[in-house]
Amino acid sequence: MPVHIVGESRLLRDMFLAICEAHDYETGHCCGSLADLPPLPAKDLVLFYSHGAGEALEAELRAFRAHKGGAYLILITGDQCPSAVQAELSQYAEAVIPERKSADALIAALQVVQDGYRIVLPGAAAGEAAARMTVQPRRNGYRNGSDNGHGLSDREQLILAKLTEGATNKSIANELGICEATVKVHLRTCFRKIGAKNRTQAALWASEQLPPQAPDLRRH
């Protein structure tokens, strides 16, 4: 599945190209607008950066869906794009990523989309919560994992938080004083509750949905 890179800025296109190639992604076309892309095979992936936030951007996305509806789209928005607009644009893309996110978050999003999932921004609300993302199956409906609706226990939240730090099952087990097999059981339960397919998807979900610090639960 090649990644096609689209953006108004040649510098940003080169940066995204370098990021993808550094992570061994096959790259395809590199152009300035979605309209410049040729017909694409289904499931090709388009990485599109736009600093716009108005009707022109939405019209460009609608046109993309109308003519290249089988391709997957990751939209990277500029800092000036409000959370409410990002949420609205989610209907046209498999993922909407604010440009303030790290390169690691972008690569994680690529993996999530390639695995058949979407990263959806919920409807806008006051404050930072509006920018939180939810990993959802692409074809199996939508699962709302925000607003404490994910059903995770404190122990499960802690284990998912450890995934965002790159912790292994063994290191998590050692820290919590449980066996490694128990960690695996907890992770399977977490994946089911949040709609994640693997550790990468779960770590991305946790980085957006969970508090930055979790309590020490070793005594519970």
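Below or above, wherever it landed, is the structure these notes cover.

Definitions and limits used
Residues numbered from 1 in each chain as written. Predicted model: local features only at pLDDT ≥ 70, side-chain atom pairs only at ≥ 80, totals over all residues. Heavy atoms only, no water. Helix = DSSP H or I, 4+ residues; strand = E, 2+ residues; numbered from the N terminus. Buried < 20%, exposed > 50% of the residue type's maximum accessible area, 1.4 Å probe, protein only. Contact = heavy atoms within 4.5 Å. Areas by Shrake-Rupley, 256 points an atom, 1.4 Å probe, with all protein chains shown as cover. Core = buried A, V, L, I, M, F, W, Y, C linked by side-chain atoms within 4.5 Å. Pairing = 2+ DSSP bridges. Right-handed = clockwise from strand over helix to strand, strands pointing away. Polar contact = N/O pair within 3.5 Å; in protein donor to acceptor, adjacent residues only side chain to side chain. Axes fitted to C-alpha atoms, helices over the stretch in contact; angles between N-to-C directions. Parallel < 35°, antiparallel > 145°, perpendicular 65-115°, else oblique. Left-handed = near helix turned anticlockwise from the far one by under 90°. Nonpolar A, V, L, I, M, F, W, Y, C, P; charged D, E, K, R; others polar. Salt bridge = Lys/Arg side-chain N within 4 Å of Asp/Glu carboxyl O. Expected span 1.5 Å × (residues − 1). Arc of directions from axis to C-beta.

1. Here we look at the overall build of the protein chain
Per the secondary structure count, the protein chain includes eight helices and seven strands. Scored against the burial criterion, the 220 residues of the protein chain give a buried share of 47%. For the protein chain, the share of sequence-separated contacts (at least 6 apart) that also reach a separation of at least 24 residues comes to 65%. Entry remark: accessible area of the protein chain is about 10,800 Å², with carbon and sulfur atoms responsible for 50%.

2. Re the nonpolar core
Among the nonpolar cores identified, the biggest contains 24 residues, and Val3, Phe16, Leu47, Ile74 and Leu110 are the most heavily contacted of them. Ranked by residue count, the leading element in this core is helix 4 (residues 103-114), at seven residues.

3. Considerations on the pairing of strand 2 (residues 27-31)
Note: strand 1 (residues 3-7) against strand 2, three bridges, orientation parallel. Across the sheet, residue Val3 finds its bridge partner in strand 2, namely Thr27. Regarding the hand of the β-α-β motif, the stretch spanning strand 1, helix 1 (residues 10-22) and strand 2 is right-handed.

4. A look at helix 8 (residues 199-209)
Of all 11 residues making up helix 8, eight are buried, and the element is well covered by its neighbours. Where helix 8 begins, the side chain of Asn198 points an oxygen toward the backbone nitrogen of Thr200, at a separation of 3.2 Å.

5. With respect to the packing of helix 4 against helix 8
With their axes 9 Å apart at the nearest point, helix 4 and helix 8 run at an angle of 125° to one another. As the angle between them shows, helix 4 and helix 8 are arranged oblique. At the point where helix 4 passes helix 8, the crossing takes the left-handed sense. Between helix 4 and helix 8, the residues in contact are Ala108, Ala109, Gln111 and Val112 and Thr200, Gln201 and Leu204, respectively. When its residues are assigned to classes, the contact of helix 4 with helix 8 shows four nonpolar, three polar and no charged.

6. With respect to the pattern of salt bridges
Evaluated as defined, the whole model comprises six salt bridges. By sharing partners, the salt bridges in this structure join Lys162, Glu165 and Glu175 into a single network.

7. Digging into the packing of helix 5 (residues 154-164) against helix 8
It is at 8 Å that the axes of helix 5 and helix 8 come closest, and there the two elements cross at 105°. Taken together, the axes of helix 5 and helix 8 are roughly perpendicular relative to one another. Across the interface between the two elements, Leu160, Ala161, Leu163 and Thr164 of helix 5 pack against Arg199, Ala202, Ala203, Trp205, Ala206 and Ser207 of helix 8. Its residues assigned to classes, the contact of helix 5 with helix 8 comprises seven nonpolar, two polar and one charged.

8. Structural notes on helix 2 (residues 55-67)
Look at helix 2: 18 Å from first C-alpha to last across 13 residues, which is about the 18 Å you get at 1.5 Å a residue. Of all the positions in helix 2, only Leu57, Leu61 and Phe64 are classed as buried. On an axial view of helix 2, the arc spanned by its buried residues comes to 55°, and they lie on one face. In helix 2, the exposed positions that point more than 90 degrees away from the buried face belong to Glu55, Ala56, Ala66 and His67. The elements touched by buried residues of helix 2 are strand 3 (45-50), strand 4 (72-77) and helix 3 (83-89).

9. As for the pairing of strand 5 (residues 95-98)
In regular strands, side chains alternate between the two faces of the sheet. Residues Ala95 and Ile97 point to one face of strand 5 and Val96 and Pro98 to the other, with burial holding for every one of them. Taken together, the four bridges between strand 4 and strand 5 define a ladder with parallel strand orientation. Looking across to strand 5, one finds that Ile76 is bridged to Ile97.

10. Some details on unusual backbone geometry
Its identity is not glycine, yet Asp24 carries a phi of approximately 65°, on the positive side. Turning to its location among the elements, Asp24 is positioned in the loop between helix 1 and strand 2. The class of Asp24 is exposed, set by a relative accessible area of 73%.

Note that every value here comes from positions in space, so none of it alone points to a role or purpose.
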